[in-house]
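The residues making up each chain are set out below.
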2 protein chains.
Amino acid sequence: MQNEAPHEIEALINLMARLPGLGPRSARRAVLTLLKKRGNLMAPLAQTMANVALTARDCLICGNISTDDRCDICSDDRRAISEICVVEDVADLWAMERAGVFKGRYHVLGGTLSALDGIGPEELHIPRLLARVASEGVTEIILALNATVDGQTTAHYIADSLSYTEVTITSLAQGVPIGGELDYLDDGTIGAALRARKRF
Amino acid sequence: MQNEAPHEIEALINLMARLPGLGPRSARRAVLTLLKKRGNLMAPLAQTMANVALTARDCLICGNISTDDRCDICSDDRRAISEICVVEDVADLWAMERAGVFKGRYHVLGGTLSALDGIGPEELHIPRLLARVASEGVTEIILALNATVDGQTTAHYIADSLSYTEVTITSLAQGVPIGGELDYLDDGTIGAALRARKRF
């Protein structure tokens, strides 16, 4: 980009442009908004961001993002210790929490197995998951991985690793989403919903 | 939004969601990216933003955003002092600078006249513009305001205010954009381009 703004502001635009969903043009627009609201948006945003950058860390137990060594969920005694929901990412954990139905605990893998990218079980904290199953009195592992090839490969690997234990392994049901119209659904989803059909 | 993330991170998401082009969902995605790149994106971004929030100010002469009392353009002796380009916004100034054709100086109004929003000539620094014309040896004022009703009302007001001086008042040409296809242009633009047609 050309250097039409002062150097520091240009640097800010370039950093903002690295965020997902913002390109060079929308980053420039965002920075202009920040410049206009220096006092009541830019300063608090910078302050909060610095604060989070300093305090955020991965929960040592489940891998969730937290401001502590133990995340809010792992330190909440009301959450069942017997069920662990395995998710790929913190975003997936947040999505599960928004649904507000699951009352157990989580294990965040931080990705999926990928021979190409050199991501093996160690990188995904799978040994740590196995240790939790062995020590924490876990009775059910819910595999809430994405319905992609990589997600399902990872799910199968984890199920295999746990096959020698007594723990029940389940996965999220697949089918028609609530409010979904058949006409707009892909063939794979319709097929899965048909195979998993149940008495009305 | 529900409180699925730690309090501080939730606050960061809410602040980010106030940027143009980001809604609650994309702000969450942006913050997750920041959390993953705490060291090499989030920390420098927070630092740069705090720095800009502290140092950015409006140029006392032209209203451009600067890190000094006089912006880079106003303190550049190579820029002609005789031509002032009047723009609504810093974004418009940056757009003009990217075009790289104009070698004079600017005057940033910071908006347009609006009786409804109580924005009069004082709020737009129009008296300051008139003072510059009187004192700086200006020979041409280029009105580069947006081709909207408000923009054109403001342009007419400024032209009227300067009618008693000897300064030449011009405005940007209107017509078919470079690379533009007639089929995709609105009727107003085609009409303006036809009226302003010139010998081939």
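These numbers were taken from a predicted model, which means no experiment stands behind them.

(A) Main features of the relation of the copies chain A and chain B. Superposing chain A onto chain B takes a rotation of 180° plus a shift of 0.0 Å along the axis, which leaves an RMSD of 0.1 Å. Taken together, these values place the two copies in the relation of a two-fold axis. Closest approach to the rotation axis among the C-alpha atoms of chain A is made by A46 of chain A, whose C-alpha sits 2.4 Å away. Taken together, the interface assignments show that 100% of the residues at the interface of chain A recur at the interface of chain B, consistent with an identical surface on both copies.

(B) Looking closely at the sheet that holds strand β4 (residues 105-108) of chain B. Residues and elements named next belong to chain B. Taken in spatial order, the four strands of this open sheet run β4-β3-β5-β6, and their pairing is parallel. The outermost strands of the open sheet, each flanked by one partner alone, are β4 and β6 (168-171). Strand-to-strand twist across the sheet, computed as the mean angle between neighbouring axes with direction ignored, equals 25°. Sheet analysis places strand β5 (residues 140-143) next to β6, joined by four bridges and oriented parallel. Within β6, the position partnered with L143 by the bridge is S171. Along the sheet face, helix α5 (residues 126-135) touches β3 (83-87), β4 and β5 and points at about 155° away from the line of β4.

(C) Broad picture of the packing of helix α2 (residues 24-36) of chain A against helix α3 (residues 38-55) of chain A. Residues and elements named next belong to chain A. Contact pair α2 / α3: the axes reach a minimum separation of 6 Å and the direction vectors enclose 115°. The residues of α3 that touch α2, namely those facing L34, L35 and K36, are R38, L41, M42 and L45. Its residues assigned to classes, the contact of α2 with α3 comprises five nonpolar, no polar and two charged.

(D) Up close: the interface of chain A and chain B. Opposite the 50 residues of chain A that make contact, chain B presents 50 residues. Summed over both sides, the interface of chain A with chain B buries roughly 5000 Å², with 72% coming from carbon and sulfur. Broken down residue by residue, the surface that chain A buries against chain B is led by M49, W94 and R98 of chain A, which jointly contribute 15%. Seen at the junction of chain A and chain B, the total is four salt bridges. Among the salt bridges present, the one from D89 of chain B reaches K36 of chain A, with a minimum N-O distance of 3.1 Å. Connecting chain A to chain B are six residue pairs in polar contact (both at pLDDT 80 or more). Residue assignment for the side of chain A that touches chain B shows that the elements contributing at least two residues are α1 (7-16), α2, α3, β1 (57-58), β2 (65-66) and α4 (90-99) of chain A.

(E) Layout of α5 of chain B. All names here are of chain B. Every buried residue of α5 is listed here: I126, L129, R132 and V133. Looking straight down α5, one finds that the buried residues subtend no more than 110° of arc, so they occupy a single side. Turned more than 90 degrees away from the buried face of α5 sit A134 and S135, all of them exposed. Summarising the contacts, the buried residues of α5 are in contact with β3, β4, β5 and α6 (149-161). Positive phi shows up at G137, right after α5, with a value of about 70°.

(F) How the structure looks around the sheet that holds strand β6 (residues 168-171) of chain A. Residue and element names in this part refer to chain A. Pairing is parallel across the open sheet formed by four strands, whose spatial order is β4-β3-β5-β6. Two strands in the sheet have a free side with no partner beyond their single neighbour: β4 (105-108) and β6. Taken over all neighbouring pairs, the strand axes of this sheet differ in orientation by 25° on average, direction set aside. The pairing of strand β3 (residues 83-87) with β4 spans four bridges and is parallel. In the sheet register, C85 faces β4, and the bridge partner there is Y106. Sheet strands touched by helix α5 (residues 126-135): β3, β4 and β5 (140-143). Its angle to β4, the strand with the most contacts, is close to 155°.

(G) Region of the structure containing the domain arrangement of chain A. We note that the domain assignment places domain 1 (7-55) and domain 2 (79-171) within chain A. Centre-to-centre separation of domain 1 of chain A and domain 2 of chain A, based on C-alpha positions: 35 Å.

(H) A look at unusual backbone geometry. The backbone phi angle of H125 of chain A is positive, close to 60°, even though this residue is not glycine. One can find H125 of chain A in the loop between β4 and α5.

(I) Expanded view of the environment of G175 of chain A. All names here are of chain A. As for its position among the elements, G175 is in the loop between β6 and α7 (187-195). For G175, a relative accessible area of 29% gives the class partly exposed. Sequence separation of G175 and R195 is 20 residues, and the distance between their C-alpha atoms is 9.2 Å. Those residues in contact with G175, other than ones at most four positions away along the chain, are T189 and A193.

Parameters at a glance
- Residues numbered from 1 in each chain as written.
- Chains lettered and ligands numbered in written order.
- Predicted model: local features only at pLDDT ≥ 70, side-chain atom pairs only at ≥ 80, totals over all residues.
- Heavy atoms only, no water.
- Least-squares fit on C-alpha atoms with pLDDT ≥ 70 in both.
- Contact = heavy atoms within 4.5 Å.
- Pairing = 2+ DSSP bridges.
- Helix = DSSP H or I, 4+ residues; strand = E, 2+ residues; numbered from the N terminus.
- Axes fitted to C-alpha atoms, helices over the stretch in contact; angles between N-to-C directions.
- Nonpolar A, V, L, I, M, F, W, Y, C, P; charged D, E, K, R; others polar.
- Buried area = accessible area lost by both parts, 1.4 Å probe.
- Salt bridge = Lys/Arg side-chain N within 4 Å of Asp/Glu carboxyl O.
- Polar contact = N/O pair within 3.5 Å; in protein donor to acceptor, adjacent residues only side chain to side chain.
- Buried < 20%, exposed > 50% of the residue type's maximum accessible area, 1.4 Å probe, protein only.
- Arc of directions from axis to C-beta.
- Domains from an automatic or database assignment.

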